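Secondary and tertiary structure notes
Next come the chains, spelled out residue by residue.
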Amino acid sequence: MFAIFNILTVFGQLVQQTMPHFVIQRDLYEVRERPSKVYSWKVFMLSQILVELPYCVLLAALMFVCWYYPVGLQRNAVQADQVTERGALMFLYLLLFLLFTSTFTDFIIAGFETAEAGGNIANLLFSLCLIFCGVLANPDSMPRFWIFMYYLSPFTYLVSGMLSTAVANTDVVCADNEILHFAPFNNMSCIEYLGPFMKEAGGYLIDENSTTECQFCAVSDTNTFLKAAKVDYADRWRNFGIVWAYIVFNVVGALAMYWIVRVPKKGGLFGKKKQE
């Protein structure tokens, strides 16, 4: 979970590297191409968005190789025989993250004069999305007023999809220092004593028939952990589609923001003024 959380923190660095280039290209367009009517503002904005796509694919491939395998997430898919499927889906999620970052950057900077001002707002919004995505605080522990941020944050669906793809459908084996040791009540066997609890909360026993000492691991499979984090592997493609919706919104928002703030309009924003 925290490996996924940490990789999302590159968002701020990517924003700060992209915005100054956008401002330079926009200034050139507004003093050169726009007065000469070589091409429209829509072509300029779409070209600024599309030019980032090859770099997003290249960076996603680099992030996937340098992050997915060193962390060892591919091993979690071996038991379910889903190594190829889940590896490919994780790459697509990394690509989605970069596409979201790129389009979100264009959306924000389209309405600001300087990269510094746009970067401050983008990093503020990024911090809110990251804080309320369900990693630092489970939605059940959030103040009720702020629960809307959990559902509004695009990182909620990104982290959910990446986390379920990374760890779902495999058994958990506790290390020796993670196993709980205690005596069963009234000479009961461990399975008699803990059976009802395990049906509700999960976990497994080293020796179910022991009547002297129970050795208990609190988690038996990774889906138990995912359930506690409000994540379901069955939602992986739904979350994938939701993140795409945020990307489309960013593109439409960037075009709308540029038109509202930067495109000259006859008679102002709300139409022609009445002639005196």
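Here, every reference points to the structure presented above.
In this report, the structure presented in the accompanying data block is examined. (Residues numbered from 1 in each chain as written. Predicted model: local features only at pLDDT ≥ 70, side-chain atom pairs only at ≥ 80, totals over all residues. Heavy atoms only, no water.)

**Brief notes about the packing of helix α2 (residues 11-36) against helix α5 (residues 83-109)**
Keep this limit in mind: Under this scheme, a helix contributes an axis fitted over its contacting stretch, all axes are lines through C-alpha atoms, and angles between N-to-C directions fall in the 0 to 180 degree range. Note on conventions: DSSP H or I runs of at least 4 residues are helices, E runs of at least 2 residues are strands, and numbering of each starts at the N terminus. Roughly parallel here means an angle under 35 degrees, roughly antiparallel means over 145, roughly perpendicular means 65 to 115, and every remaining angle is called oblique. In a left-handed crossing the near helix is turned counterclockwise from the far helix by less than a right angle, and in a right-handed crossing that turn is clockwise. Here, residues are in contact when the closest pair of their heavy atoms is within 4.5 Å.
One way to put it is that α2 packs onto α5 with a least axis distance of 9 Å and a crossing angle of 45°. Taken together, the axes of α2 and α5 are oblique relative to one another. Seen along the crossing, α2 lies across α5 with a hand that is right-handed. Note on element contacts: α5 touches α2 through Phe 97, Leu 98, Phe 100, Thr 101, Phe 104, Thr 105, Asp 106, Ile 108 and Ile 109, opposite Phe 11, Leu 14, Val 15, Thr 18, Met 19, Phe 22, Val 23 and Arg 26.

**So, α2**
In plain terms, the rule: A helix is expected to span 1.5 Å for every residue after the first.
Spanning 26 residues, α2 covers 36 Å between terminal C-alpha atoms, matching the ideal 38 Å at 1.5 Å per step. Looking at the buried side of α2, the elements it contacts are α3 (41-50), α4 (53-71), α5, α6 (115-131), α8 (154-167) and α11 (236-261). Looking one or two residues beyond α2, the residue adopting positive phi is Lys 37, at roughly 55°.

**Remarks on the pattern of salt bridges**
Heads up, the rule is: Counted as salt bridges are all cases of a side-chain nitrogen of Lys or Arg within 4 Å of a carboxyl oxygen of Asp or Glu. Burial status follows relative accessibility: with a 1.4 Å probe on protein chains alone, a residue under 20% of its type maximum counts as buried, one over 50% as exposed, and anything between as partly exposed.
Within the structure shown, the criterion is met by six salt bridges. Here Arg 34 makes a salt bridge to Glu 30, at a shortest N to O gap of 3.8 Å. Of this pair, Arg 34 and Glu 30 both sit in helix α2, four residues apart, roughly one helical turn. Residue classification places Arg 34 among the partly exposed residues on the basis of a relative accessible area of 24%. According to the relative accessible area criterion, Glu 30 is buried, its value standing at 13%. Its salt-bridge partner being Glu 30, residue Arg 262 comes within 2.6 Å of it at the nearest N-O pair. Linking Arg 262 in the segment after α11 with Glu 30 in helix α2, this pair joins segments that are 232 residues apart in sequence. Like Glu 30, Arg 262 is buried. Here the salt bridges share partners, and the residues they tie into one network are Glu 30, Arg 34, Glu 113 and Arg 262.

**A closer look at the packing of α5 against α6**
The description of two packed helices rests on the angle between their axes and on the distance between the axes. Our working definition: Residue type decides the class: Asp, Glu, Lys and Arg count as charged, Ala, Val, Leu, Ile, Met, Phe, Trp, Tyr, Cys and Pro as nonpolar, and the leftover types, Gly among them, as polar.
Here α5 crosses α6 at 125°, and the two axes come no closer than 9 Å. The angle between α5 and α6 places the two elements in the oblique class. Between α5 and α6 lies a crossing of right-handed hand. From α5, Phe 104, Ile 108 and Ile 109 reach across to α6, where they touch Ala 115, Gly 118, Ile 121, Ala 122 and Leu 125. Residue composition of the contact of α5 with α6, grouped by class: seven nonpolar, one polar and no charged.

**Brief notes about the nonpolar core**
Defined as follows: In these notes, a set of buried Ala, Val, Leu, Ile, Met, Phe, Trp, Tyr and Cys residues joined through side-chain atoms within 4.5 Å is what counts as a nonpolar core.
Membership of the largest hydrophobic core comes to 65 residues, with the highest contact counts inside it found for Trp 67 and Phe 155. In terms of residue count, α5 provides more of this core than any other element does, 14 residues in total. Among all residues touching Phe 155, those that are not within four sequence positions of it are Leu 8, Phe 11, Phe 97, Phe 100, Phe 126, Cys 129, Leu 130, Cys 133 and Ser 160. By size, the runner-up hydrophobic cluster in this structure holds six residues, among which are Cys 190, Met 198, Leu 205 and Cys 214.

**Here's the deal with helix α9 (residues 190-201)**
Spelled out, the test is: Arc, as used here, means the arc of the directions from the helix axis to the C-beta atoms.
Compared with an ideal rise of 1.5 Å per residue, which puts 12 residues at 16 Å, α9 spans 15 Å between its outermost C-alpha atoms and is within 8% of the ideal. Three or more residues of α9 are buried, namely Cys 190, Leu 194, Gly 195 and Met 198. Buried residues of α9, viewed axially, fall in a sector of 145°; they line one side. Of the exposed residues in α9, the ones pointing more than 90 degrees away from its buried face are Pro 196, Lys 199 and Glu 200. Buried residues along α9 sit in contact with β1 (180-182), β2 (204-205) and β3 (214-217). Looking one or two residues beyond α9, the residue adopting positive phi is Gly 202, at roughly 85°.

**Details of a nonpolar patch on the surface**
Selection rule: Residues enter patches when they are more than 30% accessible in relative terms and free of salt bridges; like-charged ones are connected within 9 Å and nonpolar ones (Val, Leu, Ile, Met, Phe, Trp, Tyr) within 5 Å. Residue-level accessible areas treat just the shown protein chains as cover; the underlying method is Shrake-Rupley with a 1.4 Å probe.
A cluster of nonpolar residues, Phe 145, Trp 146, Phe 148 and Leu 152, forms a patch on the protein surface that exposes about 440 Å² of accessible area. Secondary-structure assignment places Leu 152 in helix α7 (residues 147-152).

Limitation: the analysis is restricted to geometry and does not speak to function.
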